[in-house]
Amino acid sequence: MNRFTLSEKPLFAETLLAEAATPRAGAYVTFEGWVRDHNEGREVLSLEYEAYEALAVKEGNAILCEALDRFEVLSAQCAHRLGRLEVGNVAVIVAVTAEHRDAAFDACRYIIDEVKARVPIWKKEYYTDGESEWVNCPRCAAHAHRHHNHAHDHAHPRTAR
Amino acid sequence: MTRNVRVQYFGILREQRGCGEESRETGAASPLDLYRELAGEHGFSLDPENLRVAVNDEFRDWDSILAEGDKVVFIPPVAGG
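Calculation rules
Residues numbered from 1 in each chain as written. Chains lettered and ligands numbered in written order. Predicted model: local features only at pLDDT ≥ 70, side-chain atom pairs only at ≥ 80, totals over all residues. Helix = DSSP H or I, 4+ residues; strand = E, 2+ residues; numbered from the N terminus. Rg over C-alpha atoms; globule rule 2.2 N^0.38 Å. Buried ≥ 20, exposed ≤ 12 C-beta atoms within 10 Å, placed from the backbone. Contact = placed C-beta atoms within 7 Å. Nonpolar A, V, L, I, M, F, W, Y, C, P; charged D, E, K, R; others polar.

(A) Quick peek at the overall build of chain B. Within chain B, the secondary structure is distributed over 2 helices and 5 strands. Going residue by residue from the N terminus, the α and β elements of chain B occur as β-α-β-α-β-β-β. Against the globule reference of 12 Å for 81 residues, chain B gives a C-alpha radius of gyration of 12 Å, in line with a compact fold. Across its three principal axes, chain B shows a C-alpha extent of roughly 40 × 25 × 20 Å. Considering chain B as a whole, with its 81 residues, one finds that 32% of them fall into the buried category. Across chain B, contacts joining residues at least 24 apart in sequence account for 52% of those joining residues at least 6 apart.

(B) Highlighting the interface of chain A and chain B. Tallying the contact residues gives 32 residues for chain A and 22 residues for chain B. Mapped by element, the contributors of at least two residues to the side of chain A that touches chain B are strand 4 (42-51), helix 2 (53-70), strand 7 (90-98), helix 3 (101-118), strand 8 (121-127) and helix 4 (138-142) of chain A. Among the elements that make up the side of chain A that touches chain B, the one with the highest residue count is helix 3 of chain A (4 residues). Here the side of chain A that touches chain B is composed, by residue class, of 19 nonpolar, 5 polar and 8 charged.

Here's what the structure looks like:
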């Protein structure tokens, strides 16, 4: 069972576990991403996820397939929330089964890292001071000038050539 | 030569454009030409170097050739997870 899903409704790891359970598995690793009450020094009240659904599902499933190719895992699933979320809500769940724990941990880590970097999902944060902002590289968004070279402390995957 | 394309917007681009989707007749041959044309009209803040582009629900190169009826989506830096 390998499937990437988007959901407007609350996520529960138990749902994924029911689909992943197999007698062959000796390890089940899950990762949950939660809505945190602060980001970049600002107090977060709630947030909103928006997706380009057709491509997000396609890219998410491609990532799960890559995880199955790279690691000795039996199943890999990922579910991501859309819509309005409050602090403490589950934003994303990754669930992996494998015969042994090393592969399960590695695959889980691979999937969440790739999902964050590649799947077309966007997040708008609403702050306690009443402001709101789309979260991306603030320096990219702020500078409107071409050819302005600024140092990134993180990579943007496959940006335009 | 012009072609009709459909453009979908998400996230910060949707807000800057003020709508989620539009149909457009354009002389732009590539997604990069089309983005420059639209950015000039609507004052998009993001440079193409910080975006990716999809055509008909597949990632595409910026210099690929647009065809009649293509659906084009410009993809701001993603923030899932």
